[in-house]
Amino acid sequence: MIAHRTLGQGLDVSALGLGCMTMTGGYGGDPDRVAMTDLLRSAVDQGVTLFDTAEIYGPHANEELVGAALAPVRDDVVIATKFAEAIDPDSRTLLGRMLRPDEVASAVEGSLRRLGTDHIDLYHQHRINPEYPIEEFAGAVRELIAVGKVRHYGLSEAAEGTIRRAHAVQPVTAVQSEYSLWWRRPEDGVLAACAELGIGFVPFSPLGKGFLTGTIDPSATFGANDLRASIPRFGPEALRTNVELVDGVRAIAGEHDASPGQIALAWLLARAPWIVPIPGTTKAHRLAENVGAAEVALSAADVDRLTALSDSVEIVGGRYPEWLESQTNR
């Protein structure tokens, strides 16, 4: 079974969680619902307690899958979901704007219904709405915590100053952002703020959207329904250069009789005791491999070597599209 860690506000979770987004699409393909239900329950059997979803995944379909699959063990798991975009509840289509603070209460009702539960353990603001002060959203979630519909408040892709302002209104339990050996932007102030304020950090895409597993080579192509097709780091020219990082991780993995993905996850776990990665997968053998990363013991020298390797490789196509840059810079 996986060891446990503590996020902010005393929230106890497994050292590795499970990102559920791709179980209803995202990286191409159309995963089978029965198979994904079995995978979620297998994760519980292997000791995973933190499960991450969002209303925009699907939209709505992912919350429904997660809620139904985890219903038999609801009291034994921590379900995290997220709000941000205004979504038509009937057509399940985006309305082209972000939620206002006064709409958070209705958004949580929809998530509660789809998840089949009376409370959300960790409720993240998925993206920052620049039209309203973050304090108003923190206040809206504080009201939901007061009536028991939400237990913990989280932020996603928020900048250091935003985190501090939100935390002053309602203590933040966790910040979720991309973080891995090839995307280390949270080291620019966010991780320091989390350490200072007692906030946990939950890296999504800790395996670089599959890149750090060593299974993606420079010849890889991605379909139109695969989100990696729009990310510069996965372009043909970029992959030819970026694979240097994976080659270095693979060499260290060989010394530990581990996979490159396990080494990448172990590096994150070694960064701080309040960091809890949430790798996603739709495959049973990958789930078992990811869970096994918690048993990989890296020495301080190993961690330094990996960090130096990450520092030395110039990642091509490293920046996200402008819309995400604008969100994380607030």
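Everything in this summary refers to the structure shown in the same document. (Residues numbered from 1 in each chain as written. Predicted model: local features only at pLDDT ≥ 70, side-chain atom pairs only at ≥ 80, totals over all residues. Heavy atoms only, no water.)

A separate point is the overall build of the protein chain. The number of helices and strands found in the protein chain is eleven helices and eleven strands. For 330 residues, the compact-globule estimate of 2.2 N^0.38 gives 20 Å, and the C-alpha radius of gyration of the protein chain, at 19 Å, lies within 12% of that figure. Dimensions along the principal axes, computed over C-alpha positions, put the protein chain at roughly 50 × 40 × 40 Å. Each of the 330 residues in the protein chain was classed as buried or not, and the buried ones make up 56%. Intrachain contacts of the protein chain at a sequence separation of at least 6 include 75% that bridge at least 24 residues. For the protein chain, the computed accessible surface area is about 13300 Å², with 51% contributed by carbon and sulfur atoms. Between the mean site of the 29 positive side-chain charges and the mean site of the 44 negative ones, the protein chain shows a separation of 2 Å. (Helix = DSSP H or I, 4+ residues; strand = E, 2+ residues; numbered from the N terminus. Rg over C-alpha atoms; globule rule 2.2 N^0.38 Å. Buried < 20%, exposed > 50% of the residue type's maximum accessible area, 1.4 Å probe, protein only. Contact = heavy atoms within 4.5 Å. Areas by Shrake-Rupley, 256 points an atom, 1.4 Å probe, with all protein chains shown as cover. Lys, Arg positive; Asp, Glu negative; His and termini not counted. Charge placed at Lys NZ, Arg CZ, Asp CG, Glu CD.)

For the coordinates displayed, the defined rule picks out nine aromatic pairs. Considering the side-chain rings of Phe-83 and Tyr-123, the 4.8 Å spacing of their centres and the 40° angle between planes classify their relative orientation as tilted. With a gap of 40 residues between them, Phe-83 in strand β5 (residues 78–83) and Tyr-123 in strand β8 (residues 122–125) connect regions that are remote in the sequence. Assigned by exposure class, Phe-83 and Tyr-123 land together as buried. Both rings, one in Phe-211 and one in Phe-234, keep their centres 6.3 Å apart while their planes meet at 90°; by these two values the pair is edge-to-face. You can see Phe-211 sitting in the loop between β11 (200–204) and α7 (236–255) and its partner Phe-234 sitting in the loop between β11 and α7, a full 23 residues away along the chain. Each member of the pair, Phe-211 as well as Phe-234, carries the same accessibility label: buried. These aromatic residues form a ring-pair network of at least three members: Phe-83, Tyr-123, Tyr-132 and Phe-137. The cationic tip of Arg-228 hangs over the ring face of Tyr-27; the distance from NZ or CZ to the ring centre is 4.3 Å. A cation over an aromatic ring shows up here: Arg-233 above the ring of Trp-182, its NZ or CZ 4.8 Å from the ring centre. (Phe/Tyr/Trp six-rings, centres within 6.5 Å; stacked < 30°, edge-to-face > 60°. Lys NZ or Arg CZ within 6 Å of the ring centre and 35° of its normal.)

Counting residues in each nonpolar core, the largest one holds 84 residues, and the members touching the most others are Leu-18, Leu-40, Phe-51, Tyr-123, Leu-155 and Leu-245. At seven residues, helix α8 (residues 260–271) tops the list of elements feeding residues into this core. For Leu-155, the residues in contact, after removing those within four places along its chain, are His-124, Gln-125, Ile-128, Ile-134, Thr-162, Ile-163, Ala-166, Val-172, Ala-174, Val-175 and Gln-176. Core analysis: the next-biggest nonpolar cluster, separate from the first, contains twelve residues, Val-13, Ala-80, Val-202 and Val-276 among them. (Core = buried A, V, L, I, M, F, W, Y, C linked by side-chain atoms within 4.5 Å.)

Strand order across the open sheet formed by seven strands is β3-β4-β5-β8-β9-β10-β11, with parallel pairing between neighbours. Each edge of the open sheet is held by one strand with a lone partner, namely β3 (18–19) and β11. Here strand β9 (residues 153–156) pairs with strand β10 (residues 172–178) via four bridges, running parallel. Residue pairing across strands places Ser-156 opposite Gln-176, the latter belonging to β10. In the packing of helix α4 (residues 134–146) onto the sheet, the strands contacted are β5, β8 and β9, and the crossing angle to β9 comes to about 145°. (Pairing = 2+ DSSP bridges. Axes fitted to C-alpha atoms, helices over the stretch in contact; angles between N-to-C directions.)

Moving on, we come to the packing of α8 against helix α10 (residues 300–312). Packed helices, taken two at a time, are described by the angle their axes make and the gap between the axes. Where α8 meets α10, the closest approach of the two axes is 10 Å, and the angle between their N-to-C directions is 110°. By the angle class used here, α8 and α10 are roughly perpendicular. Counting all contacts with α8, which are made through Ile-263, Trp-267, Ala-270 and Arg-271, the residues of α10 involved are Val-303, Leu-306 and Thr-307. In terms of residue class, the contact of α8 with α10 is made up of five nonpolar, one polar and one charged. (Parallel < 35°, antiparallel > 145°, perpendicular 65-115°, else oblique. Nonpolar A, V, L, I, M, F, W, Y, C, P; charged D, E, K, R; others polar.)

With 13 residues, α10 extends 18 Å from end C-alpha to end C-alpha; this agrees with the ideal 18 Å at 1.5 Å per step. Looking at α10, one finds that the buried residues are Asp-302, Val-303, Leu-306, Thr-307, Leu-309 and Ser-310. For α10, the angular spread of buried residues about the axis comes to 155°, placing them on one side. Turned more than 90 degrees off the buried face of α10, the exposed positions are Ala-300, Asp-304, Asp-311 and Ser-312. (Expected span 1.5 Å × (residues − 1). Arc of directions from axis to C-beta.)

A few words now on the pairing of β5. Of all the six residues making up β5, six are buried; the element is thus mostly covered by neighbouring parts of the structure. Taking every second residue as pointing to the same face, both faces of β5 are buried, with Val-78, Ala-80 and Lys-82 on one and Ile-79, Thr-81 and Phe-83 on the other. Traced from strand β4 (residues 50–52) through helix α2 (residues 61–70) to β5, the parallel crossover comes out right-handed. (Right-handed = clockwise from strand over helix to strand, strands pointing away.)

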